[in-house]
Amino acid sequence: MKSKTPRVLVVDDSLDIAKSLSSILELNEFRVDTALNGSDALRKIQSKVYDIVVCDIEMPGMSGLDFLERIRKDGRSQEVILMTGYLEPEYFIRAIRLGASDFINKPIDSSQLVNAIEHILARKSDRETLGQLLSRLDNALLSFVIDPGKYVQHGISKVCTHFLQQNLAVPQDLMTELLICVDEMVYNAFIHGTLGLTQQQRKLDHKHLQEIISEKLAQPHIAARRIRFELCVSHEDDCVCISVEDDGDGFDYETCLQKLLKESALNLEDTGRGLAVLYHLSDSLDFLDGGRKVRISRKLHSSQLAEA
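Note that the structure is a prediction, hence the values are computed from the model and not measured.

Undergrad: Explain helix α2 (residues 38-47) to me, using residue names and the numbers behind them.
TA: Among the residues of α2, those classed as buried are Gly 38, Asp 40, Ala 41, Leu 42 and Ile 45. The N-capping residue of α2, defined by a side-chain oxygen 3.2 Å from the backbone nitrogen of Ser 39, is Asn 37.

Undergrad: Just give me the short version of the packing of aromatic side chains, but keep the residues and values in it.
TA: Under the defined criterion, the tally for this structure stands at five aromatic pairs. Ring geometry for Phe 144 versus Phe 229: centroids 5.0 Å apart, planes at 25°, classification stacked. Of this pair, Phe 144 sits in strand β6 (residues 141-146) while Phe 229 sits in strand β7 (residues 227-234), and the two are 85 residues apart along the sequence. Consider the rings of Phe 251 and Phe 287, whose centres lie 5.5 Å apart with planes at 85°: the pair is edge-to-face. Separated by 36 residues along the polypeptide, Phe 251 in the loop between β8 (239-245) and α11 (253-262) and Phe 287 in strand β9 (residues 284-288) bring together distant segments of the chain. For Phe 251, a relative accessible area of 38% gives the class partly exposed. In this structure an aromatic cluster arises from ring pairing among Phe 251, Tyr 253 and Phe 287.

Undergrad: Outline unusual backbone geometry, listing residues and values.
TA: Backbone torsion omega between Lys 106 and Pro 107 reads 0°, so that peptide bond is classified as cis. Note that Pro 107 resides in the loop between β5 (102-105) and α5 (110-128). Phi at Asp 238 is positive, roughly 55°, even though this residue is not glycine. Mapped onto the fold, Asp 238 is located in the loop between β7 and β8. Of note, Asp 289 is a non-glycine position whose phi angle comes to about 55°, a positive value.

Undergrad: Describe the pattern of salt bridges, and please don't skip the residues or the numbers.
TA: For the coordinates displayed, the defined rule picks out 15 salt bridges. With its nearest N and O atoms 3.4 Å apart, the salt bridge here joins Lys 4 to Asp 51. Residue Lys 4 is found in the segment before β1 (7-11), and its partner Asp 51 is found in the loop between α2 and β3 (52-56); the two are separated by 47 residues along the sequence. The exposed category is assigned to Lys 4, whose relative accessible area is 51%. In this structure, a network of salt bridges that share partners links the residues Arg 7, Asp 33 and Lys 48.

Undergrad: Before we move on, could you go through the side chain of Glu 184 and cite the residues and values that matter?
TA: With respect to the helices and strands, the residue Glu 184 is situated in helix α7 (residues 172-194). Classification of Glu 184 as buried rests on a relative accessible area of 9%. Excluding anything up to four places from it in sequence, Glu 184 contacts Arg 273, Gly 274, Val 277 and Leu 278.

Undergrad: Lay out the pairing of β3 in plain terms, naming residues and giving numbers.
TA: Buried residues dominate β3, accounting for five of its five residues. Covered by surrounding structure in β3 are Ile 52, Val 54 and Asp 56 together with Val 53 and Cys 55, the residues of both alternating faces. The pairing of β1 with β3 spans four bridges and is parallel. Counterpart to Val 11 in the pairing with β3 is Cys 55. With four bridges connecting them, β3 and strand β4 (residues 80-84) associate as parallel partners. Opposite Val 53, over in β4, you have Val 80 as the bridge partner.

So, how was this worked out
Residues numbered from 1 in each chain as written. Predicted model: local features only at pLDDT ≥ 70, side-chain atom pairs only at ≥ 80, totals over all residues. Heavy atoms only, no water. Buried < 20%, exposed > 50% of the residue type's maximum accessible area, 1.4 Å probe, protein only. Helix = DSSP H or I, 4+ residues; strand = E, 2+ residues; numbered from the N terminus. Polar contact = N/O pair within 3.5 Å; in protein donor to acceptor, adjacent residues only side chain to side chain. Phe/Tyr/Trp six-rings, centres within 6.5 Å; stacked < 30°, edge-to-face > 60°. Salt bridge = Lys/Arg side-chain N within 4 Å of Asp/Glu carboxyl O. Contact = heavy atoms within 4.5 Å. Pairing = 2+ DSSP bridges.

This is the structure in structure tokens:
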């Protein structure tokens with residue numbers, strides 16, 4: 001029996017959809033509340049603690065994005081999954097910058113929704129259990145090598161938060177964007193590069209996905225692979241550079257980038273979201289060594305840099 005049953009708030013202006021999703025999640029042992037509009041959802045998250053909010057993006061009055069923006073202004077780091085039938089690039093960028101945890105396409109696939117929630121909860125748990133790994137970093141270069149067998153024990157973004165706070169004085173939204181990029185880059189290097197999971201394997205529910213990961217890591221040639229991470233704050237160049245390199249087989253990044261540029265609607269599937277995030281949240285995106293190394297940079301204003 002679970003020691004703590006996750007609590008989920010479903011927000012949708014359709015009563016039928018809200019009830020349907022509530023039933024699905026309750027069958028999967030979640031505690032579920034529902035709200036039929038953004039205002040009602042705001043009142044509920046002020047009175048209860050929810051592990052995740054699943055919210056429709058298109059609602060009369062307060063939209064899903066307006067709801068997300070409101071809770072961020074209130075200082076809440078609430079995990080929010082947005083449901084949408086079609087997402088324009090500008091809405092996608094706004095949602096990412098507001099810290100949307102994931103996107104689910106309508107009509108809703110029940111297994112995809114449950115998997116998304118379980119994956120978010122697992123990653124959230126990894127970050128929370130890290131604790132205070134480092135209290136102060138004096139240098140403006142953060143570089144380390146990640147053992148894939150111990151990857152789940154590390155909250156990379158939390159380490160980077162300390163580093164960036166030490167070396168930069170930037171608005172919270174910019175800090176959030178940089179940390180989103182870090183999470184996407186390292187996670188993709190682990191899932192795609194190191195483990196080489198297929199698209200079908202990546203769509204498995206959390207339990208079976210973890211079983212596949214354990215089987216992969218039991219193979220000596222995969223366990224021997226490493227992920228090399230580097231984050232550099234350059235006061236001279238007024239920018240932040242992040243690079244992640246894995247020992248995998250690489251991928252056809254040129255085709256993926258061309259597809260991203262040509263699509264009128266953004267690809268919200270597992271295989272396309274990470275690349276779209278990096279493309280839209282960075283000033284430059286480069287792939288090296290056949291796609292085994294990805295590097296992004298983000299320009300900053302000199303006035304925003306902390307004093308050395």
